Amino acid sequence: MSSSKEYLAFVLEQLSSLEQISFRAMMGEYVIYYRDKVIGGIYDNRFLLKPVSSVVAMMPDAAREIPYSGAKAMILADIDDREMTVSVIQAMYDALPEVKKRKK
């Protein structure tokens, strides 16, 4: 099952207080970026975050779900709790890998 554009719009609206949120469509799903770093994605209309240490610390009881067959588990974000989700994303930024420069 692919994620809907309506769910993508809802997630983007919930994250609208963050600057530089973007997305890329990939095989019916969406990868979500914050300040050019991948923070997670939308898979089967679920907003999943990378399980970096700050996310685990802030959301210790959050469910872990597999985004697609063969992938590692990610943390299911409670996108309805806008303030918490924004706080988690801001906190996780420094723990994310640096953006790789593209060769020209």
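Every chain's residues receive numbers from 1 upward, in the order its sequence appears when written. For a predicted model such as this one, the threshold for reporting local features is a pLDDT of at least 70, and the threshold for listing and counting side-chain atom pairs is 80 or more; totals across whole chains, interfaces and linings nevertheless cover every residue. To get the side-chain values, all heavy atoms of the structure are used, and hydrogens and water are removed first.

Undergrad: Give a detailed account of unusual backbone geometry, specifying residues and quantitative values.
TA: One non-glycine residue, Met 27, lies in the positive phi region at around 50°. Checked against the element boundaries, Met 27 lands in the loop between strand 1 (21-26) and strand 2 (29-34). Exposed residues in this analysis have more than 50% of their type's maximum accessible area, buried residues have under 20%, and partly exposed residues fall in between, with area computed by a 1.4 Å probe over protein chains only. The exposure class assigned to Met 27 is exposed, which follows from its relative accessible area of 84%. Even without being a glycine, Asp 44 presents a positive backbone phi close to 50°. Under the DSSP-based scheme used, a helix requires at least four consecutive residues in state H or I and a strand at least two consecutive residues in state E, with every element numbered from the N terminus. Positionally, Asp 44 belongs in the loop between strand 3 (37-43) and strand 4 (46-49). Overall, Asp 44 belongs to the partly exposed group, its relative accessible area being 29%.

Undergrad: Provide a residue-level description of the environment of Tyr 33, including the pertinent values.
TA: Within the secondary structure, Tyr 33 is located in strand 2. For Tyr 33, a relative accessible area of 15% gives the class buried. Separated by twelve residues in the primary sequence, Tyr 33 and Ile 21 place their C-alpha atoms 5.7 Å from one another. If we ignore the near neighbours within four places in the chain, the residues touching Tyr 33 are Gln 20, Ile 21, Ser 22, Phe 23, Arg 24 and Val 38. Only heavy atoms enter the contact rule, under which two residues are in contact if any of them lie within 4.5 Å.

Undergrad: Kindly report on the nonpolar core, identifying the contributing residues and their values.
TA: To define a nonpolar core, start from buried Ala, Val, Leu, Ile, Met, Phe, Trp, Tyr and Cys residues and group those joined through side-chain atoms within 4.5 Å. Core analysis: the biggest nonpolar cluster contains 24 residues, and Ile 39, Phe 47, Leu 49 and Ile 89 have the highest contact counts within it. Broken down by secondary-structure element, the contributors of at least two residues to this core are helix 1 (5-14), strand 2, strand 3, strand 4 and helix 3 (82-92). Among the elements that make up this core, the one with the highest residue count is helix 3 (four residues). When residues no more than four places from it in sequence are discounted, the contact partners of Ile 89 are Leu 15, Leu 18, Tyr 34, Ile 39, Phe 47 and Leu 49.

Undergrad: Run through the pairing of strand 2, naming residues and quoting values.
TA: Burial analysis of strand 2 places six of its six residues in the buried class, which makes it a mostly covered element. Neither face of strand 2 is left uncovered, since the one carrying Glu 29, Val 31 and Tyr 33 and the one carrying Tyr 30, Ile 32 and Tyr 34 both have all their residues buried. Strand pairing is defined by DSSP finding a minimum of two bridges between the two strands. Of the pairings in the sheet, the one linking strand 1 to strand 2 comprises six bridges and is antiparallel in character. Bridging from a neighbouring strand, Phe 23 pairs with Ile 32 of strand 2.

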